[in-house]
Amino acid sequence: VVRRVEAFPQAASTSEREQLQKFTRNAAYLGCVWDFDPRSGSGWSEHVTKYMRSVAELPSSSLQLPELPSFFSELNGIDRGKLIVTDSCLMWFSAMFCDLGYLARDLGVRRGPSQDVCWKEVAVPPFGFTLFGINLMPDRPLLHSRATDEYDRPEYLACQDKRLTREDVQSWCPMRGHYPAALWNISWGEPAPPGSVQRHDVLTCNKKLGNPDFTRVTDMPLHIADEGEDVDVMKPFRGYLLDIDATHAAREISLSTPLDEALRFNPEMAGLVADIAASALATAEQFPEQRGSLISLAGTDNDEDHDDDGWVWSEETALRQNAGTPCVLEHNKDLCNVFSPLVAEQCPRFVAYFWPQVSFWSEEVVRRVEALPEAASNMERKQLQHFVRNAAYLGCAWFFDPRIGSGWSEHVAEYMRSVAGLPSSSLQLPELPAFFANVRESEPGKMIVPDVCMMWFTSNFCDLGYLARGVGTRTGRSGDVCWDKIPLPPFGFTLFDRNLMPERPTVKSSDADGYDFPEYMACQDRRLTREEVTSWCPMGGHYPDGMWNTSWGEPAPLGSQLRTDVLKCNKKLGIPDFARTTDMLVHIADEGEDVDIMKPFRGYLLDIEKVRANKAVWQSSLNEAFHFGSAVSDLLYGVGTNAPAHTERGAGE
């Protein structure tokens, strides 16, 4: 890119500049294809090297990339999926080509004699690229990131004069200081020194290329080599991978006015939700009527589970429970294999951090289940289940915490006290006090809860309730709450060292024991140990071990009283069949649908008909996208967060 920009005349026509920018977009696409790597050791190496050589031999005035060789057009299955890249990655490369090009020159990168591609002499690393210890290139060996220095590549000296050091990369990433420092709570790297040759060169290059205005995310979250739109390096063209009208409609949902509340509340969490929103929309209509290729379901709702007493639920049951997530479709299975263990690893810290809420609501559910007669009517059972859904909502509302130290504490404790004072036969939760109606206006995002969290709580209330009894929690005794006597943790809850509670101090997980809360002993007879939580999480062994590449925890011992109690409780409650995800991605206290503990009711946060309509559309066009490599990059690089290039975002967005 840089050598073409340098050869580009200052007085170039608009048409010539558009050709240069098209070359840059195609180059950005190829830079984003992880497996488009010339290094020796993969099945693509020879073909990539040949293509790179053909590009290197073109004159600097050439602004048309050659068509990819037939090897790439003949790929299929998962390998074909490796050619799908995210729009936000293209944006990043397009924005940074000038910086990266001059960095490469400073290191003395050598192409080799006669414009050869030197990198073919270097071997691919002996492990796949990992994030958080998860290998995102499963056809290469997994080597945990802590086991090797991922920055040190001495073999690169075969193709450059100087070493690319850890300091070089860390000081530069991710944007060479082109974004303001601390924007979105991120350090964007150190700018080139004022007056330096590199700064002058990069500025001149970016000006010719039309940066930063040229580099923007587009309406299309994914790109393929043969789309013939933004990218056109493979023929015949077949248009965008996704239905462009469906992406418009889906974005309308994900960036609708009600979701503006969540974005104002917490950009970190809102970004995470937005990243998975488009993937969730890819699911077809409520299971098992989805369109497309479904994971085979041999059984029915009454299929036999994996063990005699029904503790371990079958994979078919798990699929039914997760019908509102992408995992139910066969082509999404690799996505679940990558992200399920990543999410499961967070469970012990979640349970430990929010134990006061987890234990309180679990015990309130269990005592009502125990009081329900064996011969209860269908109406009584449905009332109990509705109580459970509301309790699951409150368990998932992170800030609904009675501990001392937040503006909510007193009001949450008062509400919990009123619930604990109700008889076990009471199956109606009280309406939330007026304080929370005011929160609805001032901090609305804190009242928004993910549907999948409610499914998890509903599935596990019995396990967690008896776990709480096992450690002798003293909440609810004589209508007391107890947890309102201890302080909040001195830090916010973090995921991957990102603080998702920004008004509380940030403490890296490596600097704090996220499992040990000795203050809990004021409200229970013995300590909840790290071993207990870790061995139980995330599902007490109710899913088959190894399903979706995940360990689902250890089941209660056969013949134990705990096992008997949990099984009896789950049977009364209708678990696992009752605990399912729904069509609605998020819930609020005053929706008056699944959750109805605040009035006046105002319906779901999102337009349910639009959500359902777009699920089918997205699913039908996403079949190819959810092969392994693309599924990972969809989520990591931000599907669903792309704004149209012509739209000015408001502060809430």
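Residues numbered from 1 in each chain as written. Predicted model: local features only at pLDDT ≥ 70, side-chain atom pairs only at ≥ 80, totals over all residues. Heavy atoms only, no water.

**With respect to the overall build of the chain**
Part 1: If you tally the helices and strands in the chain, you get 23 helices and 8 strands.
Part 2: Counting over 653 residues, the chain shows a buried share of 54%.
Part 3: Pairs at least 24 apart in sequence give 73% of the contacts found in the chain among residues at least 6 apart.
Part 4: Carbon and sulfur atoms make up 54% of the accessible area of the chain, which amounts to about 28300 Å² in all. (Helix = DSSP H or I, 4+ residues; strand = E, 2+ residues; numbered from the N terminus. Buried < 20%, exposed > 50% of the residue type's maximum accessible area, 1.4 Å probe, protein only. Contact = heavy atoms within 4.5 Å. Areas by Shrake-Rupley, 256 points an atom, 1.4 Å probe, with all protein chains shown as cover.)

**Some thoughts on the packing of aromatic side chains**
Part 1: Within the structure shown, the criterion is met by 40 aromatic pairs.
Part 2: Centre to centre, the rings of Phe36 and Tyr51 are 5.9 Å apart; their planes meet at 80°, and the pair counts as edge-to-face. Here the residue Phe36 occupies a position in the loop between helix H2 (14-32) and helix H3 (45-56), and Tyr51 occupies one in helix H3, the gap between them amounting to 15 residues. In this structure, Phe36 and Tyr51 share a single accessibility class: buried.
Part 3: Ring centres 6.3 Å apart and planes at 85° place the aromatic pair Trp44 and Phe71 in the edge-to-face group. With Trp44 in the loop between H2 and H3 and Phe71 in helix H4 (residues 70-73), this pair connects stretches of sequence that are 27 residues apart.
Part 4: Exposure remark for Trp44: the relative accessible area of 6% places this residue in the buried category.
Part 5: The ring of Tyr353 has Arg403 lying over it, and the distance from NZ or CZ to the ring centre is 5.7 Å.
Part 6: For Lys446, the ring lying beneath its charged end belongs to Phe399, and the centroid distance is 4.3 Å. (Phe/Tyr/Trp six-rings, centres within 6.5 Å; stacked < 30°, edge-to-face > 60°. Lys NZ or Arg CZ within 6 Å of the ring centre and 35° of its normal.)

**Some remarks on H2**
Part 1: Spanning 19 residues, H2 covers 27 Å between terminal C-alpha atoms, matching the ideal 27 Å at 1.5 Å per step.
Part 2: Along its buried surface, H2 packs onto helix H1 (2-7), H3, strand E1 (85-86), helix H6 (87-106), helix H8 (197-209) and strand E4 (222-223). (Expected span 1.5 Å × (residues − 1).)

**Structural notes on the packing of helix H16 (residues 378-396) against helix H21 (residues 561-573)**
Part 1: As a packed pair, H16 and H21 sit with axes 9 Å apart at the nearest point and diverge in direction by 110°. The orientation of H16 with respect to H21, classified from their angle, is roughly perpendicular. Between H16 and H21, the residues in contact are Arg381, Leu384, Gln385 and Val388 and Lys571, Lys572 and Leu573, respectively.
Part 2: Broken down by class, the residue content of the contact of H16 with H21 amounts to 3 nonpolar, 1 polar and 3 charged. (Axes fitted to C-alpha atoms, helices over the stretch in contact; angles between N-to-C directions. Parallel < 35°, antiparallel > 145°, perpendicular 65-115°, else oblique. Nonpolar A, V, L, I, M, F, W, Y, C, P; charged D, E, K, R; others polar.)

**A closer look at the state of the cysteines**
Note on terminology: a disulfide is the covalent bond linking the sulfur atoms of two cysteines.
Part 1: Within the structure shown, the criterion is met by 7 disulfides.
Part 2: For Cys462, the disulfide goes to Cys569, at an S-S distance of 2.0 Å. Given an S-S torsion of about -70°, the disulfide between Cys462 and Cys569 has left-handed geometry. One end of the pair, Cys462, is in helix H19 (residues 451-470); the other, Cys569, is in helix H21, and 107 residues separate them in sequence. Grouping residues by exposure puts Cys462 and Cys569 together as buried. (Disulfide = S-S within 2.5 Å.)

**Section: the nonpolar core**
Across soluble globular proteins, nonpolar side chains have a tendency to be buried as a group.
Part 1: Of all hydrophobic cores here, the largest spans 89 residues; its most connected members are Trp355, Trp361, Phe400, Leu432 and Phe457.
Part 2: The element best represented in this core is H19, accounting for 11 residues.
Part 3: Those residues in contact with Leu432, other than ones at most four positions away along the chain, are Leu394, Phe400, Tyr415, Met447, Ala589, Ile597 and Met598.
Part 4: One finds Phe36, Val48, Cys98 and Met234 within the second-largest nonpolar core, a separate group that totals 39 residues. (Core = buried A, V, L, I, M, F, W, Y, C linked by side-chain atoms within 4.5 Å.)

**Quick look at the packing of helix H15 (residues 355-371) against H21**
Part 1: Where H15 meets H21, the axes come as close as 10 Å, and the angle between the chain directions of the two elements is 75°. Between H15 and H21, the interaxial angle falls into the category roughly perpendicular. Each of Val365, Val366, Val369 and Glu370 in H15 lies in contact with H21, whose residues at this interface are Cys569, Lys572 and Leu573.
Part 2: Residue classes in the contact of H15 with H21 are distributed as 5 nonpolar, no polar and 2 charged.

**As for the confidence of the model for the chain**
Part 1: Chain-level statistics for the chain give a pLDDT mean of 81 and a share of 77% at 70 or above.
Part 2: Predicted confidence for residues 257-306 stays below pLDDT 50, and this span has 139 contacts to residues more than four positions away or in other chains.
Part 3: Counting contacts from residues 620-653, a segment whose pLDDT is below 50, to residues more than four positions away or on other chains yields 99 contacts. (pLDDT = per-residue confidence, 0-100.)

**Comments concerning the environment of Thr564**
Part 1: The topology assignment puts Thr564 in helix H21.
Part 2: Among the residues examined, Thr564 registers a relative accessible area of 45% and is labelled partly exposed.

**Concerning unusual backbone geometry**
Part 1: In this chain, Lys235 is followed by Pro236 through a cis amide linkage whose omega measures -5°.
Part 2: One can find Pro236 in the loop between E4 and helix H9 (244-254).
Part 3: Cis peptide bonds are those with omega within 30 degrees of zero, and the linkage from Cys537 to Pro538 qualifies with 0°.
Part 4: Note on placement: Pro538 falls in the loop between helix H20 (530-536) and H21.
Part 5: Positive phi, normally seen in glycine, also occurs at Arg176, with a value near 55°.

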